[in-house]
Amino acid sequence: MLIPRISHVPFAELPSEARALLFIFALGAAASYVARPPKRSELTPILESIWNRYRLCPSDFADPFRMTALLKTELSSVCFDGGVQ
């Protein structure tokens, strides 16, 4: 049986549910770095950059631990209005 290869889907073409799930993962990942949760307007451009840079696809949501670890690594160096702890 062949396993279908799922290719990268640009962030702008993701369904709203997938973007919302990515935002939820990012809030959890950023929780240890910021004093207050980042606003959606602050986080969306960063998430778009991460998603497109790593050429992620919807099947990457199947491993929430890997996705959270990636976001923790990427968001650890980002400073939001709330500041880095």
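Residues numbered from 1 in each chain as written. Predicted model: local features only at pLDDT ≥ 70, side-chain atom pairs only at ≥ 80, totals over all residues. Heavy atoms only, no water.

**A short note on the nonpolar core**
Part 1 of the reasoning: Of all hydrophobic cores here, the largest spans 21 residues; its most connected members are Leu-22, Leu-47, Trp-51, Phe-61, Met-67, Leu-71 and Leu-75.
Part 2 of the reasoning: Mapped by element, the contributors of at least two residues to this core are α1 (16-30), α2 (40-53) and α3 (64-75).
Part 3 of the reasoning: By residue number, the principal contributor to this core is α1, which donates seven residues. (Core = buried A, V, L, I, M, F, W, Y, C linked by side-chain atoms within 4.5 Å. Buried < 20%, exposed > 50% of the residue type's maximum accessible area, 1.4 Å probe, protein only. Helix = DSSP H or I, 4+ residues; strand = E, 2+ residues; numbered from the N terminus.)

**Thoughts on the packing of aromatic side chains**
Part 1 of the reasoning: Summed over all chains, the structure comprises two aromatic pairs.
Part 2 of the reasoning: Arranged with centres 6.2 Å apart and planes meeting at 20 degrees, the rings of Phe-25 and Phe-61 form a pair that is stacked. Separated by 36 residues along the polypeptide, Phe-25 in helix α1 and Phe-61 in the loop between α2 and α3 bring together distant segments of the chain.
Part 3 of the reasoning: By relative accessible area, Phe-25 is classed as buried at 15%.
Part 4 of the reasoning: Assessed through its relative accessible area of 13%, Phe-61 is described here as buried.
Part 5 of the reasoning: Above the face of the Phe-23 ring, Arg-40 is positioned so that its terminal group lies 4.6 Å from the ring centre. (Phe/Tyr/Trp six-rings, centres within 6.5 Å; stacked < 30°, edge-to-face > 60°. Lys NZ or Arg CZ within 6 Å of the ring centre and 35° of its normal.)

These results come straight from atomic positions and should not be treated as a statement about function.
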